[in-house]
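If you want the building blocks of each chain, they are given just below.
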Amino acid sequence: MLKILIPTIMLIPSAILIHHKLLFMTMTSYSMLMTTMSLQWLHTPMMLNNMFSNQYLFIDQISAPLIILSYWLLPMMIMASQNHLKMEPKPRKQGFLMNIATLQTLLVMTLSANNMTLFYILFEATLIPTMIIITRWGSQPKRLTAGTYFMYYTLLGSLPLLIAILFLNNQKNNSNFLMLTLLKPNMHNQLTNNILWLACMMAFLVKMPLYGVHLWLPKAHVEAPIAGSMMLAAVLLKLGGYGIIRMTPMNTLTPLICPTIAMAMWGIIMTGLTCLRKTDLKALIAYSSVGHMGLVISATLIQTPWSTSGAMILMVAHGLTSSMLFCLANMLYERTNTRMLITMRGMQKAMPLMTTYWLIANLTNLALPPTINLIGEIQIMTTLFNWSPLTIMMSTMGTVITAIYSLQMFMTSQQGHLTKDSKEVYPTQTRELLIMILHALPILLLTLNSELIH
């Protein structure tokens, strides 16, 4: 664990010490090296379901795919940010890369924390670099409002979690994840149990986000620079799912699970319908994330082995797909300086090769067979149907609406006549093609062998 964690921490001073002409090249190659080293966690046989276990850090089958996903996206975030940072002075470039490296370090430590108190501290610490990236390098004046929304929603959702962790620690004299799963907290009445469950879950439901407490997400995504959007969509939302999987075994079942799942399922349909009438491309992709995360919330709350496996597959699949969609949206934004779908038509004529990747991204987003998105969704739908047959109506409606808005997004942005302003669009760069290939490749390889992230 430390042989990868220490080099990740050393990326932070490296951003200042490396010569500015070699800055992006060196940071990208170093992070790519660490990505390659992290891939070993897919194959290492898990002794007693976890490895590298010590007092503070451990990795098991739940955290390993998410850690590898965050490492995989690190070099791509650096590559995708090159264009909008090229006009910035040297100190700002260094500051940006330092923030990204800090965020990566905190994310890896959050996903491998063994102790609930440590997990909470690191979970909250990821807010700081994300907030700086959104409010400092965002492109529009509304970025400060987006940062405020992001901070208030997440902090107010997380405070009850701190009280719940201290309460559990006081009750059992222990805050180890594995120990607390074995020593379930003994509540004397249903009300205490319900309040404790809600306190533990609220932070993660806001982070996912659950429909109803999702308003910070479209704002944060729209205003964030490309690296912020990629990290938010791919890994920061998954912290919510990861937290729910870790916390649910500690609490006995409560009647609050049913309304939460109902809200998540209702959110799938509502966000899908919102996507159908969105004109802003980045907001559309952000709302589609809320819909997909609704399925993940439902799956993680049911707590069956199949649903947890399906949630893990869908989280990794969605991380790669939405990150790819945000990259594609950013490429169009860099060329047209607008996010409005109506002004982006006919891009197939200007960038035919990029249309292929638009098609791949949209088809994986709507869960085309045999992609891992479909495997995850089918597993979750099966377990939901087994839990309550009524859920099949909402999940299938959500799937149909997802297919409609994904294809609508593809057709609006790629087909039709080029606008007068778009005729001067420069073709795709090699750097952009490399980012696309590195997104599409893991989706394809995991489709061939999805056992790796079960």
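This text gives an overview of the structure that appears in the document. Please read these numbers as outputs of a predicted model, since none were measured by experiment. (Residues numbered from 1 in each chain as written. Predicted model: local features only at pLDDT ≥ 70, side-chain atom pairs only at ≥ 80, totals over all residues. Heavy atoms only, no water.)

Quick word on the overall build of the protein
Each helix and strand in the protein was counted, giving 20 helices and two strands. Taking 2.2 N^0.38 as the reference for a compact globule, 454 residues should give roughly 22 Å; the C-alpha atoms of the protein span a radius of gyration of 21 Å, in line with that estimate. In terms of overall dimensions, the protein has a C-alpha envelope of 70 × 55 × 40 Å along the principal axes. Burial statistics for the protein: of 454 residues in total, 60% are counted as buried. A fraction of 82% describes how many contacts in the protein between residues 6 or more apart in sequence connect residues 24 or more apart. Roughly 18200 Å² of accessible area belongs to the protein as shown, and the carbon and sulfur atoms make up 69% of that amount. (Helix = DSSP H or I, 4+ residues; strand = E, 2+ residues; numbered from the N terminus. Rg over C-alpha atoms; globule rule 2.2 N^0.38 Å. Buried < 20%, exposed > 50% of the residue type's maximum accessible area, 1.4 Å probe, protein only. Contact = heavy atoms within 4.5 Å. Areas by Shrake-Rupley, 256 points an atom, 1.4 Å probe, with all protein chains shown as cover.)

Describing the nonpolar core
Of all hydrophobic cores here, the largest spans 152 residues; its most connected members are Trp41, Met247, Leu281 and Met436. The element contributing the most residues to this core is helix α15 (residues 305-336), with 16 residues. Each residue touching methionine 436, except ones within four places of it in the same chain, is listed here: Met324, Cys327, Leu328, Met331, Met354 and Tyr357. (Core = buried A, V, L, I, M, F, W, Y, C linked by side-chain atoms within 4.5 Å.)

Describing the pattern of salt bridges
Tallied over the full model, the rule gives four salt bridges. The partner of arginine 246 in a salt bridge is aspartate 60, and the shortest N-O contact between them spans 2.9 Å. Here the residue arginine 246 occupies a position in helix α12 (residues 226-247), and aspartate 60 occupies one in strand β2 (residues 59-60), the gap between them amounting to 186 residues. Of the residues examined, aspartate 60 reaches a relative accessible area of 8% and is grouped as buried. Its salt-bridge partner being arginine 335, residue glutamate 432 comes within 2.8 Å of it at the nearest N-O pair. Within this pair, whereas glutamate 432 is found in helix α20 (residues 430-448), its partner arginine 335 is found in helix α15, the two being separated by 97 residues in sequence. Both residues of the pair, glutamate 432 and arginine 335, belong to the buried class. Linked by salt bridges that have partners in common, Arg335, Arg431 and Glu432 make up one network. (Salt bridge = Lys/Arg side-chain N within 4 Å of Asp/Glu carboxyl O.)

Looking at helix α8 (residues 143-172)
Taking 1.5 Å of rise per residue, the 30 residues of α8 would be expected to cover 44 Å, and the 43 Å separating its terminal C-alpha atoms lies within 8% of that figure. Along α8, the positions that sit buried rather than exposed are Ala146, Gly147, Phe150, Thr154, Gly157, Ser158, Leu161, Ala164, Ile165 and Leu168. Those residues of α8 hidden inside the fold are in contact with α6 (116-125), α7 (127-137), α10 (190-207), α11 (216-223) and α12. Looking one or two residues beyond α8, the residue adopting positive phi is asparagine 173, at roughly 55 degrees. (Expected span 1.5 Å × (residues − 1).)

Examining the packing of aromatic side chains
According to the stated counting rule, one finds eight aromatic pairs in the structure shown. The interplanar angle of 25 degrees and the centroid separation of 5.8 Å between the aromatic rings of phenylalanine 119 and phenylalanine 123 together place this pair among those described as stacked. On the criterion of helical spacing, the pair formed by phenylalanine 119 and phenylalanine 123 is a turn pair, its members being four residues apart in helix α6. By relative accessible area, which is 1% here, phenylalanine 123 ends up buried. Plain terms: the ring middles of phenylalanine 119 and phenylalanine 204 are 6.0 Å apart, the flat faces sit at 45 degrees to each other, and that makes the pair tilted. Remark: phenylalanine 204 occurs in helix α10 and phenylalanine 119 occurs in helix α6; sequence separation between them is 85 residues. (Phe/Tyr/Trp six-rings, centres within 6.5 Å; stacked < 30°, edge-to-face > 60°.)

Here we look at helix α2 (residues 23-38)
With 16 residues, α2 ought to run about 22 Å at 1.5 Å a step, and its terminal C-alpha atoms sit 23 Å apart, in line with that. Those residues of α2 that sit buried are Leu23, Phe24, Thr26, Met27, Thr28, Ser31, Met34, Thr35 and Ser38. Packed against the buried residues of α2 are α1 (2-17), α3 (63-80), α4 (82-85) and α5 (90-111).

Some words on the packing of α6 against α8
Orientation of α6 relative to α8, taken along the N-to-C sense of each, is 165 degrees, at an axis distance of 10 Å. Taken together, α6 and α8 sit at an angle that is classed as roughly antiparallel. Crossing hand, α6 versus α8: left-handed. Contact residues: α6 offers Met116, Thr117, Tyr120, Phe123 and Glu124, while α8 offers Leu155, Ser158, Leu159, Leu161, Leu162, Ile165, Leu168 and Asn169. Each residue belonging to the contact of α6 with α8 can be placed in one class, and the counts come to nine nonpolar, three polar and one charged. (Axes fitted to C-alpha atoms, helices over the stretch in contact; angles between N-to-C directions. Parallel < 35°, antiparallel > 145°, perpendicular 65-115°, else oblique. Left-handed = near helix turned anticlockwise from the far one by under 90°. Nonpolar A, V, L, I, M, F, W, Y, C, P; charged D, E, K, R; others polar.)

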